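Spelled out from the first residue to the last, the chains are:
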Amino acid sequence: MNTPVYDFLIQYAERDPVRLHMPGHKGRFGAPALQRATTLDLTEITGADSLFEAEGILAESERNAASLYGTAYTFYSCGGSTLCIQTMLLLMKQQGRAVLAARNVHRAFLNACVLLDLPVQWIYPRESDGILSGTYDLADFEAALQQQTRPACVYVTSPDYLGRMADIAGLAELCHRYHAKLLVDNAHGAHLAFLPWRCHPIQLGADYCCDSAHKMLSGLTGTAYLHVRSDIDVEPERVRDAMAMFGSTSPSYLMLASLDWCNRELASPLFRKQLEEVLDRIQQLKCRFSPRYCFVDGDPMHLTIDAAAGGFHGLELAAYLEQHEVFVEYADAFHVVLLCSAANTDRDFDILEQLLERFSPTPAESGEKYALPRPEKVCGIREAALAPQEIVPIGESSGRICAAVKVPCPPAVPIVLSGERIDARCIAVCEAYGITEISVVQ
Ligand SMILES: Cc1ncc(COP(=O)(O)O)c(C=O)c1O
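Parameters and conventions
- Residues numbered from 1 in each chain as written.
- Predicted model: local features only at pLDDT ≥ 70, side-chain atom pairs only at ≥ 80, totals over all residues.
- Heavy atoms only, no water.
- Pairing = 2+ DSSP bridges.
- Helix = DSSP H or I, 4+ residues; strand = E, 2+ residues; numbered from the N terminus.
- Axes fitted to C-alpha atoms, helices over the stretch in contact; angles between N-to-C directions.
- Contact = heavy atoms within 4.5 Å.
- Near = heavy atom within 4 Å.
- Polar contact = N/O pair within 3.5 Å; in protein donor to acceptor, adjacent residues only side chain to side chain.
- Nonpolar A, V, L, I, M, F, W, Y, C, P; charged D, E, K, R; others polar.
- Patch = residues over 30% accessible without salt bridge, like charges linked within 9 Å, V, L, I, M, F, W, Y side chains within 5 Å.
- Areas by Shrake-Rupley, 256 points an atom, 1.4 Å probe, with all protein chains shown as cover.
- Salt bridge = Lys/Arg side-chain N within 4 Å of Asp/Glu carboxyl O.
- Lys, Arg positive; Asp, Glu negative; His and termini not counted.
- Charge placed at Lys NZ, Arg CZ, Asp CG, Glu CD.
- Buried < 20%, exposed > 50% of the residue type's maximum accessible area, 1.4 Å probe, protein only.
- Domains from an automatic or database assignment.
- Buried area = accessible area lost by both parts, 1.4 Å probe.
- Phe/Tyr/Trp six-rings, centres within 6.5 Å; stacked < 30°, edge-to-face > 60°.

Concerning the sheet that holds strand β2 (residues 98-102)
Phase 1: Taken in spatial order, the seven strands line up as β1-β9-β8-β7-β6-β2-β3 in an open sheet, and their pairing is mixed. Sheet topology places β1 (73-77) and β3 (120-123) at the edges, where each strand pairs with a single neighbour. Across the sheet, the axes of successive neighbouring strands diverge by a mean angle of 20 degrees, strand direction being ignored.
Phase 2: As paired elements, β1 and strand β9 (residues 224-228) share five bridges and run antiparallel to each other. Along β9, the bridge assignment pairs Ser-77 with Ala-224.
Phase 3: Along the sheet, helix α3 (residues 57-69) makes contact with β1, β8 (208-212) and β9, crossing β1 at roughly 125 degrees.
Phase 4: In the packing of helix α10 (residues 253-267) onto the sheet, the strands contacted are β1 and β9, and the crossing angle to β1 comes to about 135 degrees.

Structure representation (C-alpha cells):
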C-alpha cells in the first residue's frame, strides 16, 4: 500500500529546500535526538494538503485507511481518540440526538459533554468488575431507547480498560431497530479489524467509532482514527468541520505520516504474521499459567490478570515486574493490565513468562471490588463543571456537589460525575483508588 504523506515528507527533506515557512526549527534547530524527526516536521506547504479540508495526499492516505478498515470514511486525528469522541458527539448534537451511554466511559467523553452541553442518560452494568469494567444487558439499553421522544445514539466503550468487549453486534441491531446510532469508543481496539475473526466495531455494525492508533498500532502517541461505517450517514465535509471545531489548526505531520505508514504495515502479510505469532504466544502463556493466574476474558491482546481472584495484590505484581524492567499498562489492587501488540517479540514473552513463573506473591485480601457509585444527580454536567469551584480533601466532601471529574489516569473512568452529590459510597470508592482531593461546586 502506498504512503503518500510519508513519501512527501521524505522527498521534501531530501531536496534540502530553503524553508521560509513554519515550523520555526526549519529542520535544523531542536534536540539532537529528534534531529531526523525535525527535518520531516512540516506544515501545510504546497502539496502537503490540509487535514480539515483534505483533498490531496492526506485524503488519499485516509482512503487507504478506510479501505483497510472497510469503512465508508476514515478520518485522521492528531488529538487522539479524545478529538474523535468530541467530533462524534458534536455530529450527534447537530442531528438532535439524545445520548445514552454505558457508565464506564473515559473522561474524554465527559469532557466532550461539558463542552457540548450534552445531557447523558446513563446505563449501569448489571455486574461490575471494579469501576472499569462490567457486563451490560441489552434489555437496559432497549428500555432506555423506548423512553426516548427524539432520535438517540448509544455510546459504549469496547474493549474497556480491562479488555472486556461489549456485545456490539447485538447493540447495533438494537440501535438500528430504534433508528438510533451506535457510537463505540474503540480506543483500545484499532487492531481488532486484523484479527483472524471479525470483531472490529465497524465490522459488527457500529455507525461511528474511534480507534487510538497509538495504543495498539504503531501510530505516534496522539494519533487516532474516526471511522464512519456508511456514506449515507453523514457527508465527509461535515465530519471534517466538526473535527476542526476542536482540533488544532496545526496537526503534526509527523503524526500524520505515522498514520500513513500504519496503512502500509497493516496491509502487509508480515504484520498479519507477527500479529498471529503474538496471539499464539499470549494463548500459550495463558494455558501455561492458568489457573495459577486468572485471566480476564475479552480482547486477546489485553493480557489482564485478575490479581484479586488469584489472592494477591495487583500492585505487588506490577512492582515486581517493574523491578525487572517490565512495565505494565495499568495496575490496581484487583487487576494488572499487560497490553500487547504485534510489535512485541519472543524475548518480551520469554522474560514475562520467567518472571510470572518466579513471582511468589504475599497472599492478600484485595478488599471490596467497588462498582461505580450511583449518587444523587443534583445538576447538569456542564453546569457543575463550569461553576466556581474549590478543592477539598475527599474525606470532607460528603454532601458537596462534584465539580470537575476526579479520576486517576490511567484508567480515567470517572468515579463521581460533575453534578452528582458526593456521598459516603463515592468517598469510599475514591479512597480505594487513591484519590485524596476532589473539586466541588462552591
Ligand atoms: C477507553 C478510552 N477512551 C478514550 C481515550 C482517549 O484516547 P486518546 O488518549 O487517544 O485521546 C482513552 C485513553 O486512554 C481510553 O482509554
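Focus on the site of the ligand
Phase 1: In the vicinity of the ligand, 14 residues are found, and the nearest of them are Thr-82, Asp-185, His-188, Ser-212 and Lys-215.
Phase 2: Within the side chain of Ser-212, one N or O atom sits 2.8 Å away from an oxygen atom of the ligand.
Phase 3: Within the contact set of the ligand, an oxygen atom lies 2.8 Å away from a side-chain nitrogen or oxygen of Lys-215.
Phase 4: Residue assignment for the shell around the ligand shows that the elements contributing at least two residues are α4 (80-94) and α8 (213-216).
Phase 5: With four residues, the top contributor of residues to the shell around the ligand is α4.
Phase 6: Considered class by class, the residues forming the shell around the ligand number three nonpolar, nine polar and two charged.

Brief notes about a negative patch on the surface
Phase 1: A surface patch of like charges, here negative, comprises Glu-44, Glu-53, Glu-55, Glu-237 and Asp-241.
Phase 2: Tracing the backbone through its elements, the reader meets Glu-55 in the loop between α2 (35-40) and α3.
Phase 3: Residue Glu-55 is classed as exposed on the basis of its relative accessible area of 72%.

Topic: the domain arrangement of the protein
Phase 1: Taken domain by domain, the protein holds domain 1 (4-267), domain 2 (269-358) and domain 3 (381-441).
Phase 2: Placing a centre on the C-alpha atoms of domain 1 and another on those of domain 3 gives a separation of 28 Å.
Phase 3: Every contact between the two is made by 19 residues of domain 1 and, on the other side, 18 residues of domain 3.
Phase 4: Together, Arg-107, Val-114 and Ile-131 form the three largest contributors to the area buried by domain 1 at its contact with domain 3, with a combined 39%.
Phase 5: Run the count over domain 1 and domain 3 and you get zero salt bridges.
Phase 6: Where domain 1 packs against domain 3, one counts five residue pairs in polar contact (both at pLDDT 80 or more).
Phase 7: Elements that contribute at least two residues to the side of domain 1 that touches domain 3 include exactly α5 (107-116) and β3.
Phase 8: Element by element, the count of residues in the side of domain 1 that touches domain 3 is highest for α5, at six residues.
Phase 9: Within the side of domain 1 that touches domain 3, the residues separate by chemical class into 13 nonpolar, three polar and three charged.

Some thoughts on the pattern of salt bridges
Phase 1: Overall, the coordinates contain 21 salt bridges when judged by the stated rule.
Phase 2: Glu-235 is paired through a salt bridge with Arg-238; the nearest N and O atoms lie 3.3 Å apart.
Phase 3: Close ionic contact of Asp-346 with Arg-281 constitutes a salt bridge, the shortest N to O distance being 3.1 Å. Of this pair, Asp-346 sits in helix α14 (residues 346-358) while Arg-281 is found in helix α11 (residues 269-289), placing the two residues 65 residues apart along the sequence.
Phase 4: Taken together, the shared-partner salt bridges in this structure form one network comprising Arg-281, Arg-288, Arg-292, Asp-346, Asp-350, Glu-353 and Glu-357.

Let's talk about the packing of aromatic side chains
Phase 1: One pass over the structure, following the stated rule, counts 15 aromatic pairs.
Phase 2: Each ring, one from Tyr-69 and one from Tyr-225, has its centre 5.2 Å from the other, and the planes form 55 degrees; the classification is tilted. With Tyr-69 in helix α3 and Tyr-225 in strand β9, this residue pair connects regions lying 156 residues apart in the sequence.
Phase 3: Given the relative accessible area of 2%, Tyr-69 is considered buried.
Phase 4: Aromatic side chains Tyr-293 and Phe-312 sit 6.0 Å apart centroid to centroid with 85 degrees between the ring planes, which places their arrangement in the edge-to-face category. Here Phe-312 lies in the loop between α12 (307-310) and α13 (314-323) and Tyr-293 lies in the loop between α11 and β10 (302-306), a separation of 19 residues in the sequence.
Phase 5: Using a relative accessible area of 2% as the deciding quantity, one classes Tyr-293 as buried.
Phase 6: Here Phe-312 falls in the buried class, since its relative accessible area comes to 3%.
Phase 7: Members of the aromatic cluster, joined through ring pairs, are Tyr-69, Tyr-76, Phe-194, Tyr-225 and Phe-271.

What about the environment of Thr-221?
Phase 1: With respect to the helices, strands and loops of the structure, Thr-221 is situated in the loop between α8 and β9.
Phase 2: Under the relative-accessibility criterion, Thr-221 is labelled exposed at 67%.
Phase 3: Spatially, the C-alpha atoms of Thr-221 and Thr-38 are 16 Å apart, while their sequence positions differ by 183 residues.
Phase 4: With near-sequence residues (within four places) excluded, Thr-221 lies in contact with His-214 and Met-255.

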